[in-house]
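A structural walkthrough
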Amino acid sequence: QVQLVESGGGLVQTGGSLRLSCAASGRTVSSTAMGWFRQAPGKEREFVATITWRGGDTVYADSVKGRFTISRDNAKNTVYLQMNSLKPEDTAVYYCAGGAYSTLPNLYRYWGQGTQVTVSS
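These lines cover the structure that appears in this document, whether it is placed above or below.

**Topic: the overall build of the protein**
Within the protein one finds zero helices and 11 strands. Secondary structure of the protein in N-to-C order comes out as β-β-β-β-β-β-β-β-β-β-β. Within the protein, contacts between residues separated by at least 24 positions form 56% of all contacts whose residues are at least 6 apart in sequence. Looking at the protein as shown, the accessible area adds up to about 6,300 Å², and 47% of this sits on carbon and sulfur atoms. Mean positive and mean negative side-chain charge positions of the protein (12 and 8 charges, respectively) differ by 6 Å.

**Looking at the environment of Val12**
Relative to the assigned elements, Val12 resides in strand β2 (residues 10-13). With 106 residues separating them along the chain, Val12 and Thr118 place their C-alpha atoms 6.4 Å apart.

**Thoughts on the side chain of Thr78**
Among the secondary structure elements, Thr78 is positioned in strand β8 (residues 78-83). Engagement of the side chain of Thr78 in a polar contact is seen with the backbone oxygen of Lys76, the distance being 2.9 Å. Excluding its chain neighbours within four sequence positions, the residues that come into contact with Thr78 are Ser21, Cys22, Ala23, Arg72 and Asp73.

**Quick look at the packing of aromatic side chains**
Centre distance and the angle of the planes are the two values used to describe a pair of aromatic rings. Under the defined criterion, the tally for this structure stands at four aromatic pairs. Both rings, one in Phe37 and one in Trp111, keep their centres 5.2 Å apart while their planes meet at 55 degrees; by these two values the pair is tilted. With Phe37 in strand β4 (residues 34-39) and Trp111 in strand β10 (residues 110-111), the pair connects residues that are 74 residues apart, well separated along the chain. Take Phe37: its relative accessible area is 0%, and that puts it in the buried class. Since its relative accessible area comes to 28%, Trp111 is described here as partly exposed. Three or more aromatic residues link up through ring pairs in this structure, and these residues are Phe37, Phe47, Tyr108 and Trp111. Between the NZ or CZ atom of Arg45 and the centre of the ring of Tyr95, over which it lies, the distance is 3.9 Å. Stacked on the ring of Trp111, the Lys or Arg Arg45 has its end atom at 4.7 Å from the ring centre.

**Notes on the environment of Arg67**
Within the element layout of this structure, Arg67 appears in the loop between β6 (58-60) and β7 (68-73). Residue classification places Arg67 among the buried positions, given a relative accessible area of 11%. Taking the C-alpha atoms as reference, Arg67 lies 6.1 Å from Ser85; in sequence the two are 18 residues apart. Setting aside chain neighbours within four positions, we find Arg67 in contact with Gln82, Met83, Asn84, Ser85, Leu86, Lys87 and Asp90. Side-chain polar atoms of Arg67 contact the backbone oxygen of Ser85, separated by 3.0 Å.

Reading the values: rules and limits
- Residues numbered from 1 in each chain as written.
- Predicted model: local features only at pLDDT ≥ 70, side-chain atom pairs only at ≥ 80, totals over all residues.
- Heavy atoms only, no water.
- Helix = DSSP H or I, 4+ residues; strand = E, 2+ residues; numbered from the N terminus.
- Contact = heavy atoms within 4.5 Å.
- Areas by Shrake-Rupley, 256 points an atom, 1.4 Å probe, with all protein chains shown as cover.
- Lys, Arg positive; Asp, Glu negative; His and termini not counted.
- Charge placed at Lys NZ, Arg CZ, Asp CG, Glu CD.
- Polar contact = N/O pair within 3.5 Å; in protein donor to acceptor, adjacent residues only side chain to side chain.
- Phe/Tyr/Trp six-rings, centres within 6.5 Å; stacked < 30°, edge-to-face > 60°.
- Buried < 20%, exposed > 50% of the residue type's maximum accessible area, 1.4 Å probe, protein only.
- Lys NZ or Arg CZ within 6 Å of the ring centre and 35° of its normal.

Scope: geometric values only; no functional claims are made or implied.
As C-alpha coordinates, then:
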(Lines give C-alpha, C1' and ligand atoms only; values in the text may rest on other atoms or scores of the structure.)
Protein backbone atom coordinates (compact mmCIF):
# COMPACT_ATOMS: atom_id res chain seq x y z
CA GLN A 1 0.00 0.00 0.00
CA VAL A 2 0.94 3.68 -0.24
CA GLN A 3 2.90 5.28 2.59
CA LEU A 4 2.95 9.05 3.12
CA VAL A 5 5.45 10.98 5.26
CA GLU A 6 5.08 14.70 5.94
CA SER A 7 7.92 17.07 6.79
CA GLY A 8 8.63 20.80 6.98
CA GLY A 9 6.48 21.83 9.91
CA GLY A 10 7.74 24.12 12.63
CA LEU A 11 7.31 27.39 14.48
CA VAL A 12 6.98 30.67 12.58
CA GLN A 13 5.86 34.21 13.31
CA THR A 14 2.67 35.74 11.98
CA GLY A 15 3.22 36.68 8.33
CA GLY A 16 5.94 34.09 7.84
CA SER A 17 6.13 31.15 5.45
CA LEU A 18 6.64 27.40 5.53
CA ARG A 19 6.74 24.72 2.86
CA LEU A 20 5.43 21.31 3.79
CA SER A 21 6.47 18.21 1.86
CA CYS A 22 4.79 14.83 1.59
CA ALA A 23 6.88 11.97 0.27
CA ALA A 24 4.94 9.02 -1.09
CA SER A 25 6.04 5.45 -1.65
CA GLY A 26 4.41 2.14 -2.45
CA ARG A 27 1.93 0.89 -5.02
CA THR A 28 0.28 3.18 -7.61
CA VAL A 29 1.90 6.35 -6.28
CA SER A 30 2.22 7.93 -9.74
CA SER A 31 -1.55 7.92 -10.31
CA THR A 32 -2.68 9.07 -6.85
CA ALA A 33 -4.50 12.37 -6.36
CA MET A 34 -3.45 14.08 -3.13
CA GLY A 35 -4.78 16.44 -0.50
CA TRP A 36 -3.82 18.37 2.61
CA PHE A 37 -5.92 18.57 5.78
CA ARG A 38 -5.30 20.12 9.18
CA GLN A 39 -6.57 19.59 12.70
CA ALA A 40 -6.25 21.88 15.70
CA PRO A 41 -6.68 20.59 19.28
CA GLY A 42 -10.35 20.07 20.09
CA LYS A 43 -11.46 20.67 16.50
CA GLU A 44 -12.47 18.46 13.61
CA ARG A 45 -10.16 17.71 10.73
CA GLU A 46 -10.42 20.51 8.16
CA PHE A 47 -9.86 20.48 4.41
CA VAL A 48 -7.00 22.66 3.15
CA ALA A 49 -6.23 21.80 -0.49
CA THR A 50 -6.28 19.00 -3.05
CA ILE A 51 -4.59 18.35 -6.39
CA THR A 52 -5.12 15.91 -9.26
CA TRP A 53 -2.43 13.35 -9.92
CA ARG A 54 -1.12 15.27 -12.96
CA GLY A 55 -1.25 18.54 -11.04
CA GLY A 56 -3.47 20.35 -13.55
CA ASP A 57 -6.38 21.07 -11.22
CA THR A 58 -6.55 22.24 -7.60
CA VAL A 59 -9.14 23.16 -4.98
CA TYR A 60 -8.51 25.30 -1.87
CA ALA A 61 -10.42 26.04 1.28
CA ASP A 62 -11.63 29.64 1.39
CA SER A 63 -9.62 30.21 4.56
CA VAL A 64 -6.30 29.60 2.77
CA LYS A 65 -7.07 30.72 -0.79
CA GLY A 66 -4.50 33.21 -2.03
CA ARG A 67 -2.03 32.32 0.73
CA PHE A 68 -1.38 28.58 0.26
CA THR A 69 -0.33 26.73 -2.89
CA ILE A 70 -0.45 22.97 -3.42
CA SER A 71 1.84 21.44 -6.03
CA ARG A 72 3.46 18.13 -6.87
CA ASP A 73 6.51 16.65 -8.50
CA ASN A 74 5.60 13.16 -9.62
CA ALA A 75 9.18 12.38 -10.63
CA LYS A 76 10.02 12.72 -6.93
CA ASN A 77 6.72 11.24 -5.69
CA THR A 78 6.26 14.35 -3.58
CA VAL A 79 3.43 16.81 -2.98
CA TYR A 80 4.03 20.24 -1.45
CA LEU A 81 2.06 22.85 0.45
CA GLN A 82 3.59 26.31 0.27
CA MET A 83 2.13 28.42 3.08
CA ASN A 84 2.60 32.19 3.00
CA SER A 85 1.24 35.03 5.12
CA LEU A 86 0.67 32.63 7.99
CA LYS A 87 -1.80 33.52 10.73
CA PRO A 88 -2.19 32.16 14.29
CA GLU A 89 -5.40 30.44 13.19
CA ASP A 90 -3.32 28.32 10.79
CA THR A 91 -1.80 26.57 13.81
CA ALA A 92 -2.62 22.85 13.54
CA VAL A 93 -1.27 19.43 12.74
CA TYR A 94 -1.16 19.18 8.95
CA TYR A 95 -1.86 15.83 7.30
CA CYS A 96 -1.07 14.65 3.81
CA ALA A 97 -3.69 12.36 2.27
CA GLY A 98 -3.88 10.31 -0.91
CA GLY A 99 -6.39 8.49 -3.08
CA ALA A 100 -9.01 11.19 -3.75
CA TYR A 101 -9.58 14.62 -5.27
CA SER A 102 -12.07 15.84 -2.72
CA THR A 103 -12.78 18.16 0.21
CA LEU A 104 -14.13 15.21 2.22
CA PRO A 105 -11.59 13.40 4.43
CA ASN A 106 -13.54 10.14 4.47
CA LEU A 107 -12.90 9.66 0.74
CA TYR A 108 -9.12 9.48 1.16
CA ARG A 109 -7.55 6.06 1.54
CA TYR A 110 -4.01 6.96 2.64
CA TRP A 111 -2.84 9.30 5.40
CA GLY A 112 0.48 10.52 6.73
CA GLN A 113 1.34 10.85 10.41
CA GLY A 114 1.02 14.64 10.44
CA THR A 115 3.44 17.52 10.99
CA GLN A 116 2.93 20.35 13.50
CA VAL A 117 2.68 23.94 12.29
CA THR A 118 2.64 26.64 14.96
CA VAL A 119 2.21 30.34 14.14
CA SER A 120 3.01 32.74 16.96
CA SER A 121 0.98 35.92 17.44
